[in-house]
Amino acid sequence: MDFCPAGSTDLSEAEEAEIETIRQHRQELLEDIKKLKEEIAEVFAEIECFQNAEERQEADNNPGEQTSKLSQRDKLLSLGRKKFNMDPAKGIQYLIEHQVLSSDLQEIAKFLHKGEGLNKTAIGDYLGGRDPKNIQILQAFVECHQFANLNLVQALRQFLWSFRLPGEAQKIDRMMEAFANWYCKCNPGVFQSTDTCYILSFSIIMLNTSLHNPNVKDKPHFERFVSINKGIDNGGDLPEELLKNLFESIKNEPFSIPEDDGNDLTHTFFNPNREGWLLKLGGRVKTWKRRWFILTDNCLYYFEYTTDKEPLGIIPLENLSVRKVDDPKKPNCFELFNPNCKGQKIKACKTDGDGKVVEGKHQSYKISAATPTERDEWIEAIRTSITQDPFYDLVSARKKKIASKN
């Protein structure tokens, strides 16, 4: 379908340019639709092959009723795991309704602790919920861990491997509070209070980041770690030997971040805060390129097409700011920047021409929206998503609590 007859002389130059832009956008949309149809066809083909293979295997092994029931349960379990990775609460509800999982909170906690096929981010999100049921499951989940006779770093390694810590301060607080209580019950006498364990756990997590994040240039020394933790044991100091052992353990071996067993990208992009087409200015080569942006989980992802499975780049929004800016070539611009580290590259990554993941080159990101309204909506959505590191606020609040007791 053409928008006007070829060679028409009834249009002004501006109108012809607008129509040419519409044609280009239409062509891009058609290409996106074509790619999407091809991907859908591939998915259906894979599902059909999988179902055929399952049926053949079931028939070969045992055509009896028991095998049929087992196969049906496995199918329900597999679907329930996928639902959990999309929406944890609905996934648990589905598994209970289909009698694959008991409604007993201890059994749910054991299911999450085992974690087979479950997205570690989804586990953390579910355990951090404020509903009384979630809090009880969190407590049972923590008690699935054996912390007796482990030092604090060893216990944290085990605990933080079983899920991914969420980004919300309130969820982190509940989870680390439960961890500290259980650790102190498993190891009586190590700390004078659970508050001590809580604060020291956060100090260790922050130490891990400071020692092993390449963007942190000023690496903390042991003396600084000691000074940060002065007076946290009910007003007294922890033994220097204990702190030294913890410090050296983290220095020699950083925490391992668990790989997600579930469909991580599906979970990440399923329910974004905002998505849409924007123009992005290149970092090294200053050209504007049209990209599909998705805002979710405190990160801004951008893709070449809406149907792409992997993003071209990822911009973590932690500690960044956003503001309106003017540009001589593009209207409706806004900028992502780090207000505390001017002149330094923003912590981000992208894929290069060879498909390798490399560090981003931007000291700031300049982005253009189609209209002033869209620009303002993106700015508001990004500001809502931007988070300062919550650990510092949580530790500060707990230290004030200890100080008020003494």
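Starting afresh in each chain, residues are numbered from 1 along the sequence in its written order. A pLDDT threshold of at least 70 governs which residues receive local features in this predicted model, and a stricter bar of 80 or more applies before side-chain atom pairs are shown or counted, although totals over entire chains, interfaces and linings include all residues. Side-chain metrics in this entry use all non-hydrogen atoms of the structure; hydrogen atoms and water are not considered.

*Asks:* I'd like a description of the overall build of the protein chain, backed by residues and values.
*Replies:* In terms of helices and strands, the protein chain carries 14 helices and nine strands. Only protein chains enter the calculation, and the probe is 1.4 Å; a residue is then buried if its accessible area is under 20% of its type maximum, exposed if over 50%, and partly exposed in between. When each of the 406 residues of the protein chain is scored for burial, the buried share is 39%. Taking all contacts inside the protein chain whose residues are at least 6 apart in sequence as the whole, residues at least 24 apart take part in 60%. To be clear on the numbers: accessible area is Shrake-Rupley with a 1.4 Å probe, and residue cover counts the displayed protein chains and nothing else. Only carbon and sulfur atoms are counted for the fraction: they give 49% of the accessible area of the protein chain, which is about 23500 Å². Working definition: helices are DSSP H or I runs of at least four residues, strands are E runs of at least two. Numbering for both runs from the N terminus. We call two residues in contact when some of their heavy atoms are within 4.5 Å.

*Asks:* Got a sec to walk through the packing of aromatic side chains? Specific residues and values, please.
*Replies:* Planes of paired rings set the category: under 30 degrees apart is stacked, over 60 is edge-to-face and the rest tilted, where pairs are Phe, Tyr or Trp rings (Trp by its six-membered ring) whose centres lie within 6.5 Å. Within this structure, the stated rule accounts for 13 aromatic pairs. Measuring from centroid to centroid gives 4.9 Å for Y198 and F202, while their planes differ by 70 degrees, and the two rings are edge-to-face. Of this pair, Y198 and F202 are both found in helix 9 (residues 194-212), four residues apart, which corresponds to roughly one turn of the helix. Exposure remark for Y198: the relative accessible area of 1% places this residue in the buried category. The exposure class assigned to F202 is buried, which follows from its relative accessible area of 0%. Judged by centre distance (5.9 Å) and plane angle (45 degrees), the rings of F225 and F247 are tilted. Note that F225 is positioned in helix 10 (residues 222-228) and F247 in helix 11 (residues 240-252), a separation of 22 residues in sequence.

*Asks:* An account of the side chain of N229 is needed here, citing residue identities and associated values.
*Replies:* Along the chain, the position of N229 falls in the loop between helix 10 and helix 11. By relative accessible area, which is 1% here, N229 ends up buried. If we skip the residues at most four places from it in the chain, N229 touches I199, L200 and S203.

*Asks:* Explain unusual backbone geometry to me, using residue names and the numbers behind them.
*Replies:* One non-glycine residue, N149, lies in the positive phi region at around 65 degrees. With respect to the secondary-structure elements, N149 resides in the loop between helix 6 (132-142) and helix 7 (152-161). For N332, which is not a glycine, the phi torsion comes out positive at approximately 55 degrees. The class of N332 is buried, set by a relative accessible area of 13%.

*Asks:* Which residues make up helix 6, and what values go with them?
*Replies:* Buried residues of helix 6: N134, I137, L138, A140, F141 and V142, and no others. Buried residues in helix 6 make contact with helix 4 (105-114), helix 5 (120-127), helix 7 and helix 8 (169-186).

*Asks:* I'd like a description of the environment of S249, backed by residues and values.
*Replies:* Within the secondary structure, S249 sits in helix 11. A C-alpha to C-alpha distance of 7.2 Å links S249 and V153, two positions 96 residues apart in sequence. Filtering out sequence-adjacent residues up to four positions away, S249 remains in contact with V153 and R157.

*Asks:* So what's going on with the nonpolar core? Residues and values would help.
*Replies:* Here, the term nonpolar core denotes a set of buried Ala, Val, Leu, Ile, Met, Phe, Trp, Tyr and Cys residues that are joined through side-chain atoms within 4.5 Å. Of all hydrophobic cores here, the largest spans 65 residues; its most connected members are L112, L152, F179, L200 and I204. Among all residues touching L200, those that are not within four sequence positions of it are L152, F191, F225, N229, I232, L238, L242, L243 and L246. Core analysis: the next-biggest nonpolar cluster, separate from the first, contains 21 residues, I315, Y365, A369 and A381 among them.

*Asks:* Go over the environment of I135 with me, naming the residues and quoting the values.
*Replies:* Position of I135 relative to the elements: it lies in helix 6. For the pair formed by I135 and R174, sequence separation is 39 residues and the distance between their alpha carbons is 8.0 Å. Setting aside its immediate chain neighbours within four residues, I135 contacts G129, R130 and R174.

*Asks:* So, the environment of L281: which residues are in play, and what are the values?
*Replies:* Looking at the element boundaries, L281 is found in strand 1 (residues 274-281). Judged by its relative accessible area of 14%, L281 is buried. A C-alpha to C-alpha distance of 8.3 Å links L281 and S368, two positions 87 residues apart in sequence. The contacts of L281, once residues within four sequence positions are left out, are K286, T287, W288, H362 and K366.

*Asks:* Go over the pattern of salt bridges, please, and point to the residues and values.
*Replies:* Close approach of charged atoms allows side chains with opposite charge to pair. One side-chain nitrogen of Lys or Arg within 4 Å of one carboxyl oxygen of Asp or Glu is enough to make a salt bridge. For the structure shown, the criterion picks out 15 salt bridges. The salt bridge partner of R81 is E116, with a shortest N-O separation of 3.6 Å. Within this pair, whereas R81 is found in helix 2 (residues 65-86), its partner E116 is found in the loop between helix 4 and helix 5, the two being separated by 35 residues in sequence. Look at R81 and you get partly exposed, because its relative accessible area is 21%. Note that R398 is salt-bridged to D173, the shortest N-O span being 3.7 Å. A residue pair is termed long-range when its members are at least 10 positions apart, and R398 in helix 14 (residues 390-405) and D173 in helix 8 qualify at 225 residues. Among the charged side chains, a network of salt bridges with common partners joins D173, E177, D195 and R398.

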